[in-house]
Amino acid sequence: MVHAFIMVKTGAGESEQLLGPIRELETVSEAHIVAGAYDIIAEVDTEAVYEVLKTASSRIQGLQGVADTKTYISLDD
């Protein structure tokens, strides 16, 4: 099992509209609007690293209003 966090930067005023579609993604276990350099943090659980990358690059970055993502893969159990 691969556990990761995807930080999502959105366009101005887009966070609330993007939170629902991100939460609905099959690999996303949790997602929250946060304060700081990024606007949303999504927690992802997958079987392989490839699926984490696919979630970030295809599914989340493919949503209109997403400006940037940064992915952190957990190294502990």
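Further up the page is the structure itself.
Note that the coordinates shown come from a computational prediction; the quantities given were computed from them, not determined experimentally. (Residues numbered from 1 in each chain as written. Predicted model: local features only at pLDDT ≥ 70, side-chain atom pairs only at ≥ 80, totals over all residues. Heavy atoms only, no water.)

It is worth spelling out the environment of A67 at this point. Along the chain, A67 falls in strand 4 (residues 66-73). On the basis of relative accessibility, which here comes to 58%, the residue A67 falls in the exposed class. Taking the C-alpha atoms as reference, A67 lies 5.0 Å from T10; in sequence the two are 57 residues apart. (Helix = DSSP H or I, 4+ residues; strand = E, 2+ residues; numbered from the N terminus. Buried < 20%, exposed > 50% of the residue type's maximum accessible area, 1.4 Å probe, protein only.)

Given 3.6 residues to a turn, an α-helix orients residues that are three or four positions apart in the same direction. Along helix 1 (residues 15-23), the residues that are buried comprise S15, L18, L19 and I22. Considered in projection along helix 1, the buried side chains sweep an arc of 115° and stay on one side of the axis. Of the exposed residues in helix 1, those oriented more than 90 degrees away from the buried face are E16 and Q17. (Arc of directions from axis to C-beta.)

Once that is clear, we can look at the packing of aromatic side chains. In this structure the tally under the stated criterion is 0 aromatic pairs. The cationic tip of K9 hangs over the ring face of Y38; the distance from NZ or CZ to the ring centre is 5.1 Å. (Phe/Tyr/Trp six-rings, centres within 6.5 Å; stacked < 30°, edge-to-face > 60°. Lys NZ or Arg CZ within 6 Å of the ring centre and 35° of its normal.)

Right, let's talk about the nonpolar core for a bit. Side chains of a nonpolar character, in soluble globular proteins, are inclined to be buried together. Of all hydrophobic cores here, the largest spans 17 residues; its most connected members are I6, V8, I22, V28, A31, I40 and I60. Those elements giving two or more residues to this core turn out to be strand 1 (2-10), helix 1, strand 2 (28-33), strand 3 (40-46) and helix 2 (49-60). Ranked by residue count, the leading element in this core is strand 1, at 4 residues. (Core = buried A, V, L, I, M, F, W, Y, C linked by side-chain atoms within 4.5 Å.)

A few words now on the sheet that holds strand 1. Reading across the sheet, the 4 strands line up as 2-3-1-4 and stay open at both edges, with antiparallel pairing between neighbours. Each edge of the open sheet carries a strand with a single partner, namely strand 2 and strand 4. Across the sheet, the mean angle from the axis of one strand to that of its neighbour is 20°, orientation sign disregarded. Relative to strand 3, strand 2 runs antiparallel, the two being bridged by 5 bridges. The residue bridging H32 from the neighbouring strand is I41, located in strand 3. Strands strand 1, strand 2, strand 3 and strand 4 of the sheet are contacted by helix 1, whose axis makes an angle of about 170° with strand 2. Lying over the sheet, helix 2 contacts strand 1, strand 2, strand 3 and strand 4, oriented at roughly 15° with respect to strand 1. (Pairing = 2+ DSSP bridges. Axes fitted to C-alpha atoms, helices over the stretch in contact; angles between N-to-C directions. Contact = heavy atoms within 4.5 Å.)

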